[in-house]
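Topology and contacts: notes
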Amino acid sequence: MEMETVKLSEIVMKWYPDMMPFLKQDELDSMIVLRDGLSILDSADAMDIIQYSICEHQDSAYIQ
């Protein structure tokens, strides 16, 4: 299987479409490189990718 690049929105729509309204557009537009392609990605891996993407897009400012 070859690597595949997809938008995070494709992953969210396939496994967790109910999360779409809660994600920002820049998160949904993130390009994700999947080593073995989208077809063999499971729901647990999809959730890990979604969580990591959310963390990557968080503002670095801390609320005190």
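Residues numbered from 1 in each chain as written. Predicted model: local features only at pLDDT ≥ 70, side-chain atom pairs only at ≥ 80, totals over all residues. Heavy atoms only, no water.

1. Some words on the overall build of the protein
Scanning the protein for helices and strands turns up three helices and two strands. Ordered by position in the sequence, the α and β elements of the protein form the string β-α-α-β-α. For the protein, the residues scored as buried account for 31% of the 64 residues in total. Considering only contacts within the protein whose residues lie at least 6 apart along the sequence, 71% involve residues at least 24 apart. Carbon together with sulfur atoms contributes 54% to the accessible area of the protein, which is approximately 4700 Å² in total. Looking at the protein, you have 4 positive and 13 negative side-chain charges, and the mean spots of the two groups are 2 Å apart. (Helix = DSSP H or I, 4+ residues; strand = E, 2+ residues; numbered from the N terminus. Buried < 20%, exposed > 50% of the residue type's maximum accessible area, 1.4 Å probe, protein only. Contact = heavy atoms within 4.5 Å. Areas by Shrake-Rupley, 256 points an atom, 1.4 Å probe, with all protein chains shown as cover. Lys, Arg positive; Asp, Glu negative; His and termini not counted. Charge placed at Lys NZ, Arg CZ, Asp CG, Glu CD.)

2. Digging into the pattern of salt bridges
Overall, the coordinates contain two salt bridges when judged by the stated rule. Residue Asp29 pairs with Lys7 through a salt bridge whose shortest N-O separation is 3.8 Å. You can see Asp29 sitting in the loop between helix 2 (25-28) and strand 2 (31-34) and its partner Lys7 sitting in strand 1 (residues 4-7), a full 22 residues away along the chain. A salt bridge links Arg35 to Asp36; its shortest N-O distance comes to 3.4 Å. Residue classification places Arg35 among the exposed residues on the basis of a relative accessible area of 64%. Overall, Asp36 belongs to the partly exposed group, its relative accessible area being 27%. (Salt bridge = Lys/Arg side-chain N within 4 Å of Asp/Glu carboxyl O.)

3. Considerations on the environment of Ser30
Its location among the elements puts Ser30 in the loop between helix 2 and strand 2. Residue class for Ser30 comes out buried when judged on its relative accessible area of 11%. C-alpha of Ser30 to C-alpha of Ile49: the two residues are 19 residues apart in sequence and 11 Å apart in space. Look past the residues within four positions of Ser30 in its chain and what remains in contact with it is Val6, Lys7, Leu8, Ser53 and His57. Here His57 takes part through its side chain, which lies 3.2 Å from a polar atom of the side chain of Ser30. (Polar contact = N/O pair within 3.5 Å; in protein donor to acceptor, adjacent residues only side chain to side chain.)

4. Considerations on the environment of Leu8
Among the secondary structure elements, Leu8 is positioned in helix 1 (residues 8-15). As a C-alpha pair, Leu8 and Leu28 span 20 residues in sequence and 5.0 Å in three-dimensional space. Those residues in contact with Leu8 that lie beyond four places of it in its chain are Glu27, Leu28, Ser30, Ile32, Ile49, Ile50 and Ser53.

5. Topic: the nonpolar core
Membership of the largest hydrophobic core comes to 15 residues, with the highest contact counts inside it found for Leu8, Ile11, Val12, Ile32, Leu34, Leu41 and Ile49. The set of elements that each furnish at least two residues to this core consists of helix 1, strand 2 and helix 3 (43-56). If sequence neighbours within four positions are ignored, Ile32 has contacts with Glu4, Thr5, Val6, Leu8, Ile11 and Ile49. (Core = buried A, V, L, I, M, F, W, Y, C linked by side-chain atoms within 4.5 Å.)

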